[in-house]
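# Inside the fold
The lines below spell out each chain.
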Amino acid sequence: MPKTLTVNRGASDAVRALLRSLIEGGKVEGVFTLARVNNKGVGYALIRDPEKIEQAEPFYPWMPSSGGKQLSRLVSLSRRPRPLAVVLRPCELRAFVELVKLEQCRRDKLVLISSTCGGVYPVETLSDGNPDDRVPRYWNGLKAGEGQPDARDSCRACKHFIPYNADLTVALVGCGDLDEKCTFFVNSEAGQACLEGQGGVWGQSAVETEATEKLAAARDAERERQREELHLGSLGIEGLVGIFGKCVGCRSCREVCPICYCTLCDFDSAKYENEPAWFARELNSRKGVRVPPATLLFQMGRMVHMSVSCVGCGMCSDVCPVNIPVATLFSSVGEANQKLFDYVPGKDESQKPPFVKAELNELENLTV
Amino acid sequence: MAESFDPKILYVMCGWCGTGGAETASAYGMYYPENVRIFRVNCTGALSTVHMLRPLLEGADGLVISGCHPGDCHYDDGNFMARRKVALVKTILDSLGLDSDRLWFRYVAHGEARRFVDTAAEFTDHIKSKGPNPLATRSDT
């Protein structure tokens, strides 16, 4: 069981105070967290000025972009001399770890702080009236250990809401005294070093509680419900054309996907710049071409490229302008692939991604 | 109608083993169905998953991939990587309710001319019994 430190402050305040003391004590170069933008809405920010820490909203219930992807772009493969403190949600942290394993960034010199997560609201609701009106309801839900009925589809169906690989975990789900108390769970030496000198009561307990188990069960049921609604296994060609027929080809799902890290996507490369001869051939063989062409190929191509590492964050569904349930579809397909390779993306830092190394004795029934 | 169906089949071959099998077959004057189009890659492990998907979505009726027998790969584990990729593509096709049986993976060694010819014929018969790939003629994908 991990060591814990309980401080007499609300969770957000406690994390802000910790971040501030880390900067002021010179333990970190800066912090990476969600912060208020012009007092309305939030965005990810790198902060060094201790005064600006007041604008940090580490647990604000929106995800304007995947923090894992944003962080990976800041901490590239070259070494940094001094550490950064980082606050991420569990799925963002998994995405980050996945990007580390895919050799897109470095894990060292980072203090990763995460929390048990109640989910986030869809990004579009940020500009839907005053977002702050939803926040008290969100915190009340967290205290009761319940998700929000209007949270992202993927959040309502997420079972990985207890972070893996965090140095410090802040307990939020099912903590009735969130406004007065905050408990940090120490998962590593780096986490321990951060908490040195912080006032509070030390103890020892497990992050998993009755409340987290209850929430996990509720989410399992919701995930099953979403899968059934989608009729994934019986989609077939008609079903797929029905779903992706309205795709406008904006590629937003790819842009926000934390796992789609390629600077030049295969589907933007020259081989998809179709010549007149190609159209003529297609017209001969198919008697017609959908425009923009190869939508299904793009979507399924993205599935083969990233679904095995899909963390199910739900950014893709959030940004889809025509409301295709991209995340539900991709995470369901992803789960089938992950089961095939016995792989949970972003969970075990030492387990290699499935397409880095293949084994001799596996998949023996595949050959005909 | 079924009699006149002449399937378009893409046969992806490893440049070391599979292609060798085809060369051995030609040396012996063996015959394989004419509708099979052979596509040589340096190693089946180098074949991208999108290259497995694209023919099935854009016109081929079937795709068969021949790698080296386990332990024979010129690059140690290219055939195993290919096997993982095929498994991935098949799982995706299955979970979307599409036909994953239009994609085959089989080991064919350099000297196995008969096995190569048999695979080509067997796969052609298999696809003939399945009929044309419905995805290949759709204009709304």
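I will try to describe carefully the structure that is included in this document. Since the structure is predicted, the reported quantities are computational estimates derived from the model, not experimental observations. (Residues numbered from 1 in each chain as written. Chains lettered and ligands numbered in written order. Predicted model: local features only at pLDDT ≥ 70, side-chain atom pairs only at ≥ 80, totals over all residues. Heavy atoms only, no water.)

## Observations concerning the overall build of chain A
Formally: Put simply, DSSP H or I for four residues or longer makes a helix, DSSP E for two residues or longer makes a strand, and each gets a number counted from the N terminus. Restricting the calculation to C-alpha atoms gives the radius of gyration, and the globule rule supplies 2.2 Å times the number of residues raised to the power 0.38. Per-residue accessibility takes into account occlusion by the displayed protein chains alone, with areas from the Shrake-Rupley method and a 1.4 Å probe. Positive charge is attributed to Lys and Arg, negative charge to Asp and Glu, and no charge count is given to His or to the chain ends. The atom standing in for a charge is NZ when the residue is Lys, CZ when it is Arg, CG when it is Asp and CD when it is Glu.
Scanning chain A for helices and strands turns up 13 helices and 8 strands. In summary, chain A has a C-alpha radius of gyration of 22 Å against a globular reference of 21 Å for 368 residues, a match within 12%. Over its C-alpha atoms, taken along the principal directions, chain A stretches across nearly 75 × 45 × 40 Å. Total accessible area on chain A is roughly 16,300 Å²; 50% of this is exposed by carbon and sulfur atoms. On chain A, the mean spot of the 45 positive side-chain charges and the mean spot of the 47 negative ones are 3 Å from each other.

## Some points on helix α2 (residues 67-74) of chain A
Note that an α-helix has 3.6 residues per turn; residues three or four places apart therefore point the same way. To keep things clear, this is the line we draw: Burial status follows relative accessibility: with a 1.4 Å probe on protein chains alone, a residue under 20% of its type maximum counts as buried, one over 50% as exposed, and anything between as partly exposed. By the convention used here, residues are in contact when the closest approach between their heavy atoms is within 4.5 Å.
For α2 of chain A, the full list of buried residues reads Gly67, Gly68, Lys69, Leu71 and Ser72 of chain A. Tucked inside the fold, the buried residues of α2 of chain A contact β2 (30-36), β3 (42-47), β4 (84-87), α3 (90-101), β5 (110-115) and α9 (252-256) of chain A.

## Considering the sheet that holds β3 of chain A
All names here are of chain A. Condition: Pairing between strands is defined by DSSP: at least two bridges between the two strands are required. Between N-to-C directions, angles span 0 to 180 degrees; the directions come from axes that are lines fitted to C-alpha atoms, helices contributing only their stretch in contact.
Read from one edge of the open sheet, 8 strands run β3-β2-β4-β5-β6-β7-β1-β8, paired in mixed fashion. In this open sheet, the two strands that pair with only one neighbour each are β3 and β8 (201-204). Across the sheet, the mean angle from the axis of one strand to that of its neighbour is 25°, orientation sign disregarded. The pairing of β5 with strand β6 (residues 168-170) spans 3 bridges and is classified as parallel. Opposite Ser115, over in β6, you have Val170 as the bridge partner. Running at roughly 55° to strand β7 (residues 182-186), helix α1 (residues 11-24) makes contact with β1 (3-7), β2, β3, β4, β5, β6 and β7 of the sheet. Each of β3 and β5 is contacted by α3, which is oriented at about 145° to β5, the strand it contacts most.

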